[in-house]
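# Residue-level structural notes
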Amino acid sequence: MDIRKAIDFVENRGSPFEKARLYNILRGEIPDSALMRPLLETQSKDGGFPSRPRPGNISSVDSTLTALWKLDEVGLFHSSAAQRALQFLMSVQRSDGSWDENPALPAFDLAPWIIPGNPATRLYLTAYSAYYLGLSEYRAEPAFEKAARYLAAAQEETGKVPGYQHNSWIGAAAFFLAGADYQKQARLALDYLAGRPAEDWEDSQIAWALDCLGRAGLLPDEPFIAAGLDLLRSRQDEDGSWASEDGVNFIITATLQAIRVFARYEIEA
C-alpha cells in the first residue's frame, strides 16, 4: 500500500470539492466559503435541503443527509447550516422513531433507491439520521433514542439491519454511538458484518464501513477493523486508487474514504 500514491491520485484527478475533502483529512483545512456556497444557497427555511437539489423544492430527507455528508467531509459538520439540517431531521422524524422520504416529492426528483414507504428506504434513512445525530450534540435528544429503538426492533437475529447492505454498518455505528444500552445490538451487527466473506465486499464498502465504525469509537485492534484495514491494503490499485461499488465515476470518493480510514488510525505505508 502506498498512501502517497493515493493522495497524488486525488490531487491529480479530483474536483475542487474532492481536493477540499482531501486537505481536510490531511491538514484539517476548511475550504473557502465560495466552494460550499452553491450548496448552502439551496438550504430551505426549514433547515432541510431540497431534492436534486433545486432551490424552492420541498425539503428531502435524503438530500438533507447528502448535504450533511458534504459538510462533514470538509470539516463543516458543526456549522450553523449543519445544525439547522440536523434540527430539520428531528422535526420530520416519524412517531415510531423512523424517518421516511416525503411522499409529496415526485418520483423523478428522487434517487432510485429512495422510495417513500419502502422498508429498505425507511431503514436506510433512519440509520443514517441516527448516525449523524449520534455524532452531534443532539445525541442526548429523545430523537436519537427513538431512532435506536426503531433500528433495534428491526434488526434480525443474525445481526443484519434489513434492506440495503450499508444499513447494517451505518446501523452498527449508530448502536455503538447509542452507548451501553445498545451494545448487544452493536456487537450482533458487527458479528454479522465480520461473517460476510471478503469477496462480498467492494473496496468502497469496506472503507465506508470502517469510517462509520471508526467514528463510532472502534479501535484498530477490533478484529473487524483490523481485518478491514488488511483487506484495503491488499486491494489498492497500482495507480493508488481503490475501486467503488458505484463504478469508475466514484473511484475518487472510494479512494478518499480509504485515505480517511488510514489517517484516522494513523497508519502510514
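Scroll up for the structure.
Conventions used here
Residues numbered from 1 in each chain as written. Predicted model: local features only at pLDDT ≥ 70, side-chain atom pairs only at ≥ 80, totals over all residues. Heavy atoms only, no water. Salt bridge = Lys/Arg side-chain N within 4 Å of Asp/Glu carboxyl O. Axes fitted to C-alpha atoms, helices over the stretch in contact; angles between N-to-C directions. Helix = DSSP H or I, 4+ residues; strand = E, 2+ residues; numbered from the N terminus. Parallel < 35°, antiparallel > 145°, perpendicular 65-115°, else oblique. Left-handed = near helix turned anticlockwise from the far one by under 90°. Contact = heavy atoms within 4.5 Å. Nonpolar A, V, L, I, M, F, W, Y, C, P; charged D, E, K, R; others polar. Phe/Tyr/Trp six-rings, centres within 6.5 Å; stacked < 30°, edge-to-face > 60°. Buried < 20%, exposed > 50% of the residue type's maximum accessible area, 1.4 Å probe, protein only. Lys NZ or Arg CZ within 6 Å of the ring centre and 35° of its normal.

### Quick notes on the pattern of salt bridges
Close approach of charged atoms lets side chains of opposite charge pair. Summed over the entire model, instances satisfying the criterion amount to 13 salt bridges. The structure contains a network of salt bridges with shared partners spanning Arg4, Asp8 and Glu11.

### A short note on the packing of helix α8 (residues 165-177) against helix α10 (residues 203-215)
Packing of α8 against α10 brings their axes to within 8 Å, and their N-to-C directions diverge by 10°. Here α8 is positioned roughly parallel relative to α10, judged by the angle of their axes. Relative to α10, α8 is oriented so that their crossing is right-handed. Of the residues in α10, those in contact with Gln165, His166, Trp169, Ile170, Ala172, Ala173, Phe176 and Leu177 of α8 are Gln205, Trp208, Ala209, Cys212, Leu213 and Arg215. For the contact of α8 with α10, the class distribution of residues is 10 nonpolar, three polar and one charged.

### Considerations on the packing of aromatic side chains
Considering all chains together, one arrives at 13 aromatic pairs under this definition. Seen in terms of ring centroids, Trp201 and Phe224 are 5.9 Å apart; in terms of plane orientation they differ by 55°. Their pairing is tilted. Here the residue Trp201 occupies a position in the loop between α9 (183-194) and α10, and Phe224 occupies one in helix α11 (residues 223-235), the gap between them amounting to 23 residues. For the pair formed by Trp201 and Phe224, the shared burial category is buried. With a centroid separation of 6.1 Å and 35° between ring planes, the pair formed by Trp242 and Phe262 is classed as tilted. Remark: Phe262 occurs in helix α12 (residues 251-264) and Trp242 occurs in the loop between α11 and α12; sequence separation between them is 20 residues. In this pair, the class of Trp242 matches that of Phe262, namely buried. Of note, Arg196 hangs over the ring of Trp201, and the distance from its end group to the ring centre comes to 4.4 Å.

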